[in-house]
Amino acid sequence: MRNLLEAHRRSGDAFPLIGGHRGCSCQYQENSLEAMAEGLRRGASYLEIDIQLTKDDVPIVFHDIDVREKTGMQGLVQDHTLQEMRKAFQVPTLREAMQWGRKHHAYFALELKSLPYKTHEQNMRLVSYLDGIVREEGMLEQVEAFGLDFQVLQKLHAIDKQFDIGLIVPFVPTDPVGLMKEMDALVYLTYVNELTPDMVHDLQKAGYYVSGAILRDKNLIDYAVSIPTDMFEHDHPEEFQNR
């Protein structure tokens, strides 16, 4: 992901990179390989997908932490095996997504889904599998992992300093640059209504990249473009092809 962001900054293009949110919103199931392919076809510069670890230690691409709504089963992803998940829902594994991504030259923002009081221990285990799969599939330069649980991200960096990370920051820290430096992160991600132009300027001047997360409201999109953020996700990346 770093290469994509650096190339975009060097280009002088002030318009943010657009990520396909869960691939894209289309005729295909979210987070499926088909939705990822459609997201690229519709002009996404990268794909934002969600990673969780199953009961039998397989990283999969699935958004909801609680599986009830999408599968009809009870409990969390971590309570079910890959086979159980696949009986109820079309679920690609992380390895399948990385193999597909390498073939199609895709970049990924990998959200490590987190509900810390329930998922922290599982996510601390996830990062070893995550790093191994990404490296084995030759995708290290095309991904960044981001999330809310900074301890999990720290462990990922302890395993592999070359694995780029992003911080979901759901508050306004006293020193955003200091936070990024402390965590050795690449991307600062928050909702744009928690960003000021000065914050964005300071982060970018210090060499970091700013994401406006998932945006749907036109006023917030316009604000993200004006400050400007480096990137944000959208359900319909095709809306920005002729900007």
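Before any of the text, the structure's been laid out above.
Treat the numbers as computed from the prediction; the structure is a model and nothing was measured.

Within the protein, the secondary structure is distributed over ten helices and nine strands. Its C-alpha atoms give the protein a radius of gyration of 17 Å, within 12% of the compact-globule value 18 Å for 243 residues. When the backbone C-alpha atoms are referred to their principal axes, the protein occupies close to 45 × 40 × 30 Å. Counting every position in the protein, which comprises 243 residues, the buried fraction comes to 54%. Accessible area of the protein: about 11000 Å², with a carbon and sulfur share of 48%. Of note, the protein has its 25 positive side-chain charges centred 3 Å away from the centre of its 38 negative side-chain charges.

Of all hydrophobic cores here, the largest spans 53 residues; its most connected members are Met98, Phe108, Leu112, Leu130 and Leu167. Ranked by residues supplied to this core, first place goes to helix H6 (residues 116–136) with five residues. Look past the residues within four positions of Met98 in its chain and what remains in contact with it is Phe108, Leu110, Ile133, Val134, Glu137, Met139 and Val143. One finds Leu4, Leu5, Val187 and Leu189 within the second-largest nonpolar core, a separate group that totals 14 residues.

Under the defined criterion, the tally for this structure stands at four aromatic pairs. For the pair Trp100 and Phe108, a centre-to-centre distance of 6.5 Å together with 70 degrees between the ring planes defines the contact as edge-to-face. A single burial state applies to Trp100 and to Phe108, both of which are buried. Ring geometry for Phe232 and Phe240: centres 5.7 Å apart, planes at 80 degrees, overall edge-to-face. Exposure class is identical for Phe232 and Phe240. Each is buried.

What counts and what doesn't
Residues numbered from 1 in each chain as written. Predicted model: local features only at pLDDT ≥ 70, side-chain atom pairs only at ≥ 80, totals over all residues. Heavy atoms only, no water. Helix = DSSP H or I, 4+ residues; strand = E, 2+ residues; numbered from the N terminus. Rg over C-alpha atoms; globule rule 2.2 N^0.38 Å. Buried < 20%, exposed > 50% of the residue type's maximum accessible area, 1.4 Å probe, protein only. Areas by Shrake-Rupley, 256 points an atom, 1.4 Å probe, with all protein chains shown as cover. Lys, Arg positive; Asp, Glu negative; His and termini not counted. Charge placed at Lys NZ, Arg CZ, Asp CG, Glu CD. Core = buried A, V, L, I, M, F, W, Y, C linked by side-chain atoms within 4.5 Å. Contact = heavy atoms within 4.5 Å. Phe/Tyr/Trp six-rings, centres within 6.5 Å; stacked < 30°, edge-to-face > 60°.

These values are about where atoms sit, not about what they do.
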